[in-house]
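Structural overview for review
Below, each chain spelled out in residue letters.
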Amino acid sequence: MLHVQVCSNDELSFLMEAHDGLSATIAQRSGFKGLWASGLSIASSLGYRDANEASWSQLVQSVERIVDSTELPVLVDGDGGFGNFNNARLLARKLRQAGAAGVSLEDSCFPKLNSLIGERHPLADIDEFSGRLRAAKDAVAENLVLVARIEALIAGHGLNEAILRAHAYADAGADAILIHSRKSTADEMLSFVTEWRNRLPVVIVPTTYYRTPVSAYRDARISTVVWANHSMRAAAAAMRRVCDSIAAQESVASIEPQIAPLSEIFELLRYDELAVAEKQYLQLR
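Now for a quick tour of the structure. Every value quoted in this text rests on a predicted model; they were computed, and no experiment measured them.

**Re the overall build of the chain**
On a plain count of helices and strands, the chain comes out with twelve helices and eight strands. In terms of C-alpha radius of gyration, the chain reaches 20 Å, essentially the compact-globule figure of 19 Å for 285 residues. Considering only C-alpha atoms, the chain reaches an extent of 65 × 45 × 35 Å along its principal axes. Looking at the chain as a whole, 48% of its 285 residues are labelled buried. Total accessible area on the chain is roughly 14,600 Å²; 52% of this is exposed by carbon and sulfur atoms.

Dropping the structure here:
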C-alpha cells in the first residue's frame, strides 16, 4: 500500500504524522491512507529533543505501537540511520520486524539536528550515505520502501548539489526522493522538481511553505505530501491551554466542554471489543 502511495506520480498522496497509537488511530479515523512516524514528534512525546537524543530502539518501540493501532502503512522518519551503514541496516531490519512499510533516511551526520533549527547542518559524504542506502536496501530487499531524504537545500548548498545527490541516491537503490526545504515559499522545492524530471517519485514536507496551494503539488506531479508534525503540535497547544486553565481556576468545570469526552477515548481505543472478548474468553464463575 505504501509503495502505491509513495512510488507513483499518478495521484497525489498524503501522509499524516503520528507519534503514538492514539494519534495514529485518530489519523485513520479522519480518512488518511498512510502515516508518517515523525522523528520530531516521537522524540517530543518522549520528552527528548530532535537531535538523536531518543535511541533507535525507542523509535522502533514507538513505531510498533503506531503499527499495532491501525491498518495503515507507516513510513518511518529514520533520521540518518543512527550511525553508519551497519546502524542503518540494523534500523531497517528492526523497523520491518515492527511492521513498518517504509523508512526515510536523510543525508545528515550523526547526531543530527532538526532541519528547522539553527544554521549548522553538515551533510554526509555522498558515497558514504549511498552506502547506508545500499546496506538498508540489501537488508530488507523489497519489503520496505526506501526514501532518500536530501538536506542539501537545508544546509544552503543549492540546487546543483541537491540534484547531484538525488542521482547518486537513485543509483544506490532509493525508491523515492524526499527533498526538504525550510523556505517560506515552495519555489526552491519546485525548482528541484523541475530539474529532477521525476527520475524517481518526489516526497515533500511543506511545514514552512504551508501557504502553497495543494494544486501546485499536483501540477508538479509530486508523489506524496507529508504533514509532518501537526498532531503533536496540536496536542501540545491544547494541553497547554487546558493546564493553564485548570491551574488558574483550580477547577475543571469550564474546560470539560472543550475536551474529548471519555466516551470518545473508549470508542477510539475499542473498549467495546474488549467487552465482547471477555464474554468469549473469560469464564466467570
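Still more to cover.
**Quick word on the pattern of salt bridges**
Evaluated as defined, the whole model comprises 15 salt bridges. The shortest N-O distance in the salt bridge between Arg 65 and Asp 68 comes to 3.4 Å. Here Arg 65 pairs with Asp 68, and both are found in helix 4 (residues 56-69), just three residues apart, close to one helical turn. In this structure, Asp 175 and Lys 137 form a salt bridge, with 2.7 Å as the shortest nitrogen-oxygen distance. Of this pair, Asp 175 sits in the loop between helix 7 (158-171) and strand 6 (176-179) while Lys 137 sits in helix 6 (residues 126-140); the two residues are 38 residues apart in sequence, bridging distant segments of the chain. Of the residues examined, Lys 137 reaches a relative accessible area of 12% and is grouped as buried. The network of salt bridges with shared partners includes Asp 50, Asp 77, Asp 79, Glu 106, Lys 112, Arg 149 and Glu 151.

**Comments concerning the packing of aromatic side chains**
Under the criterion given, the structure shown has five aromatic pairs. Ring plane angle 5° and centroid distance 5.9 Å describe the contact between Phe 14 and Trp 227, whose orientation is recorded as stacked. In this pair, Phe 14 is assigned in strand 1 (residues 13-18) and Trp 227 in strand 8 (residues 224-227), connecting sequence segments 213 residues apart. A relative accessible area of 23% places Trp 227 in the partly exposed class. Measuring from ring centre to ring centre gives 6.0 Å for Phe 192 and Trp 196, while their planes differ by 20°; the resulting arrangement is stacked.

**A look at the pairing of strand 8**
Strand direction decides the pairing type here: strand 1 and strand 8, joined by four bridges, are parallel. Bridging from a neighbouring strand, Phe 14 pairs with Val 225 of strand 8. Of the strand pairs in this sheet, strand 7 (residues 202-204) and strand 8 are connected by two bridges, and their pairing is parallel. Within strand 8, the position partnered with Ile 204 by the bridge is Val 225. Handedness of the β-α-β unit built from strand 7, helix 9 (residues 214-219) and strand 8 comes out right-handed.

**Considerations on a nonpolar patch on the surface**
Together, Leu 22, Ile 26, Leu 262, Phe 266, Leu 269 and Tyr 271 make up an exposed nonpolar region whose accessible area comes to about 550 Å². Within the residue set of the nonpolar patch, elements represented by two or more residues are helix 2 (21-29) and helix 11 (262-268). Inspection of the secondary structure puts Leu 269 in the loop between helix 11 and helix 12 (271-281). Using a relative accessible area of 44% as the deciding quantity, one classes Leu 269 as partly exposed.

**Some words on the sheet that holds strand 7**
The eight strands lie next to each other as 1-2-3-4-5-6-7-8, forming a closed barrel whose pairing is parallel. Strand-to-strand, the axes of this sheet are offset by a mean angle of 30°, without reference to chain direction. Where helix 4 meets the sheet, it contacts strand 1, strand 2 (35-37) and strand 3 (74-77), and its direction lies at approximately 160° from that of strand 3.

**Regarding the side chain of Ser 62**
By the element assignment, Ser 62 lies in helix 4. When near neighbours in sequence (up to four residues on either side) are disregarded, Ser 62 contacts Ile 42 and Leu 46.

**A closer look at helix 2**
Taken together, the buried positions of helix 2 are occupied by Gly 21, Ser 23, Ala 24, Thr 25 and Ala 27. Residues of helix 2 that are buried in the fold lie against strand 1, strand 2, helix 4, helix 10 (230-249) and helix 11. Where helix 2 begins, one side-chain oxygen reaches toward the backbone nitrogen of Leu 22, 3.3 Å away; that side chain belongs to Asp 20. Looking one or two places after helix 2, you find Gly 31, whose phi comes out positive at around 105°.

**Regarding the packing of helix 4 against helix 5 (residues 85-97)**
Axis separation between helix 4 and helix 5 bottoms out at 10 Å; the angle between their running directions is 20°. Between helix 4 and helix 5, the angle falls in the class roughly parallel. Here the hand of the crossing between helix 4 and helix 5 comes out right-handed. Within the contact between the two elements, helix 4 uses Trp 56, Leu 59, Val 60 and Val 63 and helix 5 uses Leu 90, Leu 91, Lys 94 and Leu 95.

**Some points on the environment of Ala 228**
Mapping Ala 228 onto the fold places it in the loop between strand 8 and helix 10. Residue Ala 228 is classed as buried on the basis of its relative accessible area of 7%. Between the C-alpha atom of Ala 228 and that of Ser 38, which follows or precedes it by 190 residues, the distance is 6.3 Å. Leave out the neighbours within four places in its chain, and Ala 228 touches Glu 17, Trp 36, Ser 38, Ser 41, Val 205 and Thr 207.

What counts and what doesn't
Residues numbered from 1 in each chain as written. Predicted model: local features only at pLDDT ≥ 70, side-chain atom pairs only at ≥ 80, totals over all residues. Heavy atoms only, no water. Helix = DSSP H or I, 4+ residues; strand = E, 2+ residues; numbered from the N terminus. Rg over C-alpha atoms; globule rule 2.2 N^0.38 Å. Buried < 20%, exposed > 50% of the residue type's maximum accessible area, 1.4 Å probe, protein only. Areas by Shrake-Rupley, 256 points an atom, 1.4 Å probe, with all protein chains shown as cover. Salt bridge = Lys/Arg side-chain N within 4 Å of Asp/Glu carboxyl O. Phe/Tyr/Trp six-rings, centres within 6.5 Å; stacked < 30°, edge-to-face > 60°. Pairing = 2+ DSSP bridges. Right-handed = clockwise from strand over helix to strand, strands pointing away. Patch = residues over 30% accessible without salt bridge, like charges linked within 9 Å, V, L, I, M, F, W, Y side chains within 5 Å. Axes fitted to C-alpha atoms, helices over the stretch in contact; angles between N-to-C directions. Contact = heavy atoms within 4.5 Å. Polar contact = N/O pair within 3.5 Å; in protein donor to acceptor, adjacent residues only side chain to side chain. Parallel < 35°, antiparallel > 145°, perpendicular 65-115°, else oblique. Left-handed = near helix turned anticlockwise from the far one by under 90°.

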